[in-house]
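Remarks on the overall topology
Each chain, letter by letter, is given below.
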Amino acid sequence: MADTKREIERKYESDESGLPDLTGVAGVQAVIDKGVMSLDAVYYDTADERLAAASLTLRRRTGGSDAGWHLKVPVAPGVRDEIREPLSDTVPDSLAALVRSRVREAELLPAVRLRSDRDVRHLVDADGVLLAEVSVDAVHAERLTEGGGTAQWTEIEVELADDGDPAFLDQVEKRLRKAGVRPSSSASKLARALAETSRPSGPGKSGSGKSGSGKSGSGKSGSGKSGSGKKKRKAPPVPEGPADPVTAGDHVLAYARAQRDAILELDPAVRQDAYDSVHRMRVATRRLRSTFRSYGKVLDREVTDPIGDELKWLAGELGVDRDREVVTERLTTILGELPATLISGPIRTRLDTWANARHGGSRSRLIGVLDSRRYLTLLDTLDAVIAEPPLLPAAAGTPEKAIGKAVHKDFGKVSALVEEAIEAPPGADRDLALHEARKKAKRTRYAAEAATPALGAPARTLAKSMKSLTSLLGEHQDSVMVRVTLRELSAVAHAAGESSFTYGVLYGREEQRAAGVEAALPGAWEEIVAEESV
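What you see is a predicted model; the values in this text were computed from it and never measured.

Within the secondary structure layout, Ala97 lies in helix 2 (residues 93-98). Sequence separation of Ala97 and Leu370 is 273 residues, and the distance between their C-alpha atoms is 9.0 Å. With sequence-adjacent residues up to four places away left out, Ala97 is seen in contact with Asp267 and Arg271.

The structure is reproduced here in structure tokens:
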């Protein structure tokens, strides 16, 4: 299984003067010379550099204490997760999977070779505990694609020790700046290498590096192929769009682009089963689908509806375990609140068995979905529709008109559904009406979120109101699902000769919970309507 390390580091420009004296940094007792090591890394990417565009780096490195394959995933400025696999000739399947949403069916090829002589120092405290590793790297970069060049430079890298305080890096930087050292203008060695070894961009123009041979130095990097030899599809280019949205179309596309980006960024986390990643990816999928539906006067629904159907499919696949997780959390909570005198039979064991019954199988199914041609085609389609959006005439208009009208229309639908639910008699019909109102409130919330940059406070207020309404109605829907599960578990327990008393107690409490929501809804809704009428 791949090993993951959180990497917190900063890079600085360096000249021939080398590393300034760091013994004066607060907390540093000694600077220990660890010697010089030689590192040789080949970085892989697609021909059109999709990984670099997403600030992802995939390399095969020899030398040093961590030789092997490394995939670096950005977490925050200066913070990356480095996922490691042992040294091999070809890209490990596990790492290829983590970049599949970017690479898709393209081929991973050697792109850049970096050879570095790394002069290492350890900054330690009075107890000899490592605070940070500082290195002076003399780098030689070689572009491995046809027509590429070479470049070389020296930089200083400061990497925080595991579990170290990030504030310590501020102290080191203060000392470096005082000595005249400045932060690097490039986010990574690879980014600088790509910039300085680029091929000529036009007549009379050339890259800043010297011309190179375009061949891999060691010849042992492997092919790095990620596909099965089938014909590769090239994803369409995706422009970033205007920095400052102006028209209605600009604003809608900015929100849609953000949700597309969230899906791509969360894909590796979902594959690694990171906490809450499935839920967040599902929300992004729903937001994007809702955007297409709400803004049908801006984006042609003849084009976006089929995409929406595929997004609905993806949300459904992502939600296979979600309902079970919600019910499990709720049942665990209310069971923990019960006095011991009200607990009868092995209910906790039965709940654990039910909660874990499908997780392993559904995880395998979900990974299969993310590797499927259908999912990868959906990502290609999203890129294409954002790159060349099917804009209708209203898209060129002012946001106040087209966007405001769409949000108002969605709110009207929520209003009708809430009123219908309030008037319905308690029971299955009301449960269904409240569930439909919740779904529409979510869609209205997402539409208001997209509208907020254009419409300001009114849209922000509506989004907040719809979030509050969704949470209230979500409590009710959770109670409905919990009661269904309690009936199922009670029947199984009864058939096994176990007491079903506690199931009945919990069921009664959930009925009270739902009744409380239903009683609170009219007042909550009146407040929302009054706020929207101001």
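Alright, that's what it looks like, and here's the rest.
Let's shift gears to the pairing of strand 6 (residues 109-124). Of the pairings in the sheet, the one linking strand 2 (residues 30-45) to strand 6 comprises 15 bridges and is antiparallel in character. Opposite Asp33, over in strand 6, you have Arg121 as the bridge partner. Here strand 6 pairs with strand 7 (residues 130-143) via 13 bridges, running antiparallel. Looking across to strand 7, one finds that Val124 is bridged to Leu130. From the end of strand 6 to the start of strand 7, which pair antiparallel, there are five residues, and Gly128 there has a positive phi angle of about 80°.

Our next topic: the packing of helix 7 (residues 277-294) against helix 8 (residues 301-318). Closest axis-to-axis distance for the helix 7/helix 8 pair is 9 Å, and the angle between their directions is 160°. Between helix 7 and helix 8, the angle is such that the two are roughly antiparallel. Judged by the twist between their axes, the crossing of helix 7 over helix 8 is left-handed. Of helix 8, the residues touching helix 7 (which contributes Val278, Met281, Arg282, Thr285, Arg286, Leu288, Arg289, Phe292 and Arg293) are Arg301, Thr304, Ile307, Gly308, Leu311, Lys312, Leu314, Ala315 and Leu318. Considered class by class, the residues forming the contact of helix 7 with helix 8 number nine nonpolar, three polar and six charged.

The next thing to look at is the pattern of salt bridges. All told, the structure shown has 52 salt bridges when counted by the stated rule. For Arg271, the salt bridge goes to Asp371, with nearest N and O atoms at 2.7 Å. Here Arg271 is found in helix 6 (residues 248-271), whereas its partner Asp371 is found in the loop between helix 11 (359-370) and helix 12 (373-387), with 100 residues between them in sequence. The class of Arg271 is buried, set by a relative accessible area of 11%.

In the contact formed by helix 6 and helix 13 (residues 399-423), the axes pass within 8 Å of each other and the chain directions differ by 50°. Overall, the two elements helix 6 and helix 13 adopt an arrangement that is oblique. On helix 13, the residues that touch Ala248, His251 and Val252 of helix 6 are Pro399, Ala402 and Ile403. When the residues that make up the contact of helix 6 with helix 13 are grouped by side-chain class, the tally is five nonpolar, one polar and no charged.

Before going further, it helps to spend a moment on the packing of aromatic side chains. A full pass over the atoms with the stated rule returns two aromatic pairs. Look at Tyr44 and Trp69: their rings are 5.2 Å apart centre to centre, the planes differ by 50°, and that puts the pair in the tilted class. Placement of Tyr44 in strand 2 and of Trp69 in strand 4 (residues 68-76) is noted, with a sequence separation of 25 residues between them. Geometrically, the ring pair formed by Phe411 and Trp525 is stacked, given 5.8 Å between the ring centres and 25° between the ring planes. With Phe411 in helix 13 and Trp525 in helix 16 (residues 501-533), this residue pair connects regions lying 114 residues apart in the sequence. Here the basic side chain of Arg324 rests over the ring of Trp354, its NZ or CZ set 4.4 Å away from the ring centre. Between Arg374 and the ring centre of Trp313, over which it is positioned, the NZ or CZ distance is 4.2 Å.

This paragraph deals with the side chain of Thr502. As for its placement among the helices and strands, Thr502 is situated in helix 16. Its relative accessible area of 0% is what places Thr502 among the buried residues. Ignoring any residue separated from it by four or fewer positions in sequence, one finds Thr502 in contact with Leu335, Leu338, Leu342, Ile343, Ser344 and Ile347.

Taken together, the side chains of Glu419, Glu420, Glu423, Glu526, Glu527 and Glu531 make up a negatively charged region of the molecular surface. Of all the secondary structure elements, the ones that give two or more residues to the negative patch are helix 13 and helix 16. Along the polypeptide, Glu420 turns up in helix 13.

In this structure, Arg350 sits in helix 10 (residues 347-356). It is 9.2 Å that separates the C-alpha atoms of Arg350 and Val492, two residues lying 142 residues apart in sequence. Discounting residues that sit within four places of it in the chain, Arg350 has contacts with Leu489, Val492, Ala493, Ala496, Glu498 and Tyr503.

Residues that lie three or four places apart on an α-helix share one face, since the helix turns once every 3.6 residues. Look at helix 14 (residues 428-455): 38 Å from first C-alpha to last across 28 residues, which is about the 40 Å you get at 1.5 Å a residue. Of all bends in helix 14, the biggest is about 30°, found at Glu449, and the proline Pro453 comes one to four residues later. Downstream of helix 14 by a residue or two, Gly456 has a phi angle that is positive, lying close to 75°.

Definitions and cut-offs
Residues numbered from 1 in each chain as written. Predicted model: local features only at pLDDT ≥ 70, side-chain atom pairs only at ≥ 80, totals over all residues. Heavy atoms only, no water. Helix = DSSP H or I, 4+ residues; strand = E, 2+ residues; numbered from the N terminus. Contact = heavy atoms within 4.5 Å. Pairing = 2+ DSSP bridges. Axes fitted to C-alpha atoms, helices over the stretch in contact; angles between N-to-C directions. Parallel < 35°, antiparallel > 145°, perpendicular 65-115°, else oblique. Left-handed = near helix turned anticlockwise from the far one by under 90°. Nonpolar A, V, L, I, M, F, W, Y, C, P; charged D, E, K, R; others polar. Salt bridge = Lys/Arg side-chain N within 4 Å of Asp/Glu carboxyl O. Buried < 20%, exposed > 50% of the residue type's maximum accessible area, 1.4 Å probe, protein only. Phe/Tyr/Trp six-rings, centres within 6.5 Å; stacked < 30°, edge-to-face > 60°. Lys NZ or Arg CZ within 6 Å of the ring centre and 35° of its normal. Patch = residues over 30% accessible without salt bridge, like charges linked within 9 Å, V, L, I, M, F, W, Y side chains within 5 Å. Areas by Shrake-Rupley, 256 points an atom, 1.4 Å probe, with all protein chains shown as cover. Lys, Arg positive; Asp, Glu negative; His and termini not counted. Charge placed at Lys NZ, Arg CZ, Asp CG, Glu CD. Expected span 1.5 Å × (residues − 1). Bend = angle between axes of the 7 residues up to and from the residue.

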